[in-house]
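Single-letter residue listing:
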Amino acid sequence: MLSGSRIFAVNHKKISSLNINNVCCSKIRASLKRLKPHVPLGRNYSSLPGLIGNDIKSLRSVLSPPAAKIRNIGIMAHIDAGKTTTTERILYYSGYTRSLGDVDDGDTVTDFMAQERERGITIQSAAVTFDWKGYRLNLIDTPGHVDFTVEVERCLRVLDGAVAVFDASAGVEAQTLTVWRQADKHKIPRICFLNKMDKTGASFNYAVESIREKLNAKPLVLQLPIGEAKTFKGVVDVVSKEKLLWNANSDDGKDFERKPLLEMSDPELLKKTTEARNALIEQVADLDDEFADLVLGEFSENFDLLPAEKLQTAIHRVTLAQTAVPVLCGSALRNKGVQPLLDAITMYLPSPEERNYEFLERISRLLLPFADQHIEIPSLTAGNIALTVGLKHTATGDTIVSSKSSALAAARRAEREGEKKHRRNSEAERLLLAGVEIPEPVFFCTIEPPSMAKQPDLDHALKCLHREDPSLKVRLDPDTGQTVLCGMGELHIEIIHDRIKREYGLETYLGPLQVAYRETILNSVRATDTLDRTLGDKRHLVTVELEAKPIETASVRPVIEYADSVSEDLLKASQEAIENGIHSVCLQGPLLGSPIQDVAITLHSLMIHPGTSTTMISACVSRCLQKALKKADKQVLEPLMGLEVTVTKDYLSPVLADLAQRRGNIQEIQTRQNNKVVIGFVPLAEIMGYSTVLRTLTSGSATFALELANYQAMNPQDQSTLLSQRRGFT
């Protein structure tokens, strides 16, 4: 197995240094053994782009499409909004597959991991390359579950655009907000696809309004649905004033007709569409000066005379500027509205040359991704996404350069350019991508191999999985010597456990799942300590006085300060040892052995005998800080989760009663179509196993979403109960 494989993006302009984003976002670990095109059993694949059988027909046409004809896009959404189904239909209509895959049947292209097919969810991002009407599309299907948010984060960093998929009956949901914020952070232009227009309770107007209100975005309505829920049968193209109707007798959605709206046959629909088009023109004119001049100059008397091409070009500019988002609709499951979505991707989302990152590609071994299939290729042109293998020491978030000198040169250029004001993007933003933000884990458990002989194999598996998924943390318990897994949720750790078994052939044993608490102190305390030891003929003598105090600003790492009385000469020689001693203590607090946060440590006095080793300095500082913390009033902090439960009115009361027993704090109850949405906070310790309970309470009709909100102080009674449980008392 080739474990050091990575997916990266290369953009259009060449510079002297090699800057490749190491994304690690493609599910290729288990499948890179087969580098030749491989056809999994149970699916019927068309030839890959540019291929006839296993032979490359035109290598240049496959590898070197013009940059203007390339679209690097991601599919993102809340869980169960229909991302993977939409991706599956896109692949089918583009000719990549010859049959329609289904999430429930476990035979989709991008959800090829065994864990994904068993659960019907996306766990890792998958990259697929295909063609549509002369355009090359590199598409990445991302997860929607909160446990795998980091997958979305690392993919968005190299994408040029994104399709946000919404459930038309629910509008903006909890995880929608998370992925939207991630796209905002990386300045990704996007379009919205209101999926499931055939679903009971689907409402186009409600979904559009939720985008406007909850995402603070300006939706550009480019389509109107023809019917909703059971009556949904097609869409109206607002830009061209045409209706698209899908043949009810067609099994795969390929058979549809596009007709202009006429006064004689569709008077009401034509009137509604004309009003929507006029509103769209006015909206785009407000956002784009060039288009406003055109409209006011030539078409102010009659918007109907404005060519569709002019409007489309202006929408493209507005989308690129991220001042508004085009909105389309359809039903991927019922095979309606996907082909116009593909057209919109090529028409409105940017090409690599319209983005501002600059890279030069120079890697020895390259692969072109097709989900779990890969073709080894000799070279790659700018603007494409590809895989590289053999990078054994890189990790997610790395920017790779050809040499140290080229990196320094890029940094110097970035510094010079950063001083120039009124530049939209600095050189630094174009050259070096920011690292991925990895959220802190909230669950942990011990993991043990079947025998001590297998411990090196387990260590290797965890090392590889951590490189691939940096949200997985692995540490060694200093007291027991056990390996501890730290993850983003129950599902996250369950998937890691299953992958170790399937991919590495190890039957491991997990300890009980535990909540990752934190600790802090409530008052300021001082302590003094002296370490005096003679080793051989050498005396090691250190005296330390320090103060620990709480701070109001949330800080995971201790804030370290030095009093003026501490000698600068001593600090120069011993500062690293001092801070190592402080950090080591703050990793394990005195109450639960949990990390300490929200504290400041001030060193007031330091005396060191000449010749004292840095190890002894660290040991003395650690012991002194431990003394101080034991004297302080201590507080346990527990993770507080933001909770959103969508439930029918009939089951609202039992859900609220159950949340009250779980120390839940209800903020508001919203109405969403025929459902109620309960929004509040609940401690993570009280929500373990909640999915099973909620399913029982509501006969399987309710759904919920969780996201870490913050850490809050436990009340004295709950803290006392927790400490008693940890010490073996009840």
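Residues numbered from 1 in each chain as written. Predicted model: local features only at pLDDT ≥ 70, side-chain atom pairs only at ≥ 80, totals over all residues. Heavy atoms only, no water.

If you tally the helices and strands in the chain, you get 19 helices and 33 strands. When the 730 residues of the chain are sorted by exposure, 55% land in the buried category. A separation of at least 24 residues holds for 75% of the contacts in the chain among residues at least 6 apart in sequence. Accessible surface, the chain as shown: approximately 32,300 Å² in total, 50% of it carbon and sulfur. (Helix = DSSP H or I, 4+ residues; strand = E, 2+ residues; numbered from the N terminus. Buried < 20%, exposed > 50% of the residue type's maximum accessible area, 1.4 Å probe, protein only. Contact = heavy atoms within 4.5 Å. Areas by Shrake-Rupley, 256 points an atom, 1.4 Å probe, with all protein chains shown as cover.)

On to unusual backbone geometry. Of note in this structure, Gln322 is not a glycine but carries a positive phi near 60 degrees. Mapped onto the fold, Gln322 is located in the loop between helix H9 (308-321) and strand S15 (325-329). By relative accessible area, which is 31% here, Gln322 ends up partly exposed. Positioned with a positive phi, Asp598 is a non-glycine residue whose angle comes to about 60 degrees. Take Asp598: it is sitting in the loop between helix H15 (568-586) and strand S29 (599-608). For Asp598, a relative accessible area of 14% translates into the label buried.

This part is about the confidence of the model for the chain. For the chain, per-residue confidence averages 79 on the pLDDT scale, and 76% of positions sit at 70 or higher. Ignoring residues within four places in sequence, the model shows residues 1-60, a span with pLDDT below 50, making 226 contacts including any to other chains. Here residues 419-432 is a poorly scored stretch, pLDDT under 50, and it has 28 contacts once near neighbours within four places are set aside; other chains count. (pLDDT = per-residue confidence, 0-100.)

Okay, the pairing of strand S28 (residues 559-562) next. Sheet topology places S28 next to S29; 4 bridges connect them, and they run parallel. Looking at the pairing, Glu561 lines up with Thr602 of S29. Handedness of the crossover joining S28 and S29 through H15: left-handed. (Pairing = 2+ DSSP bridges. Right-handed = clockwise from strand over helix to strand, strands pointing away.)

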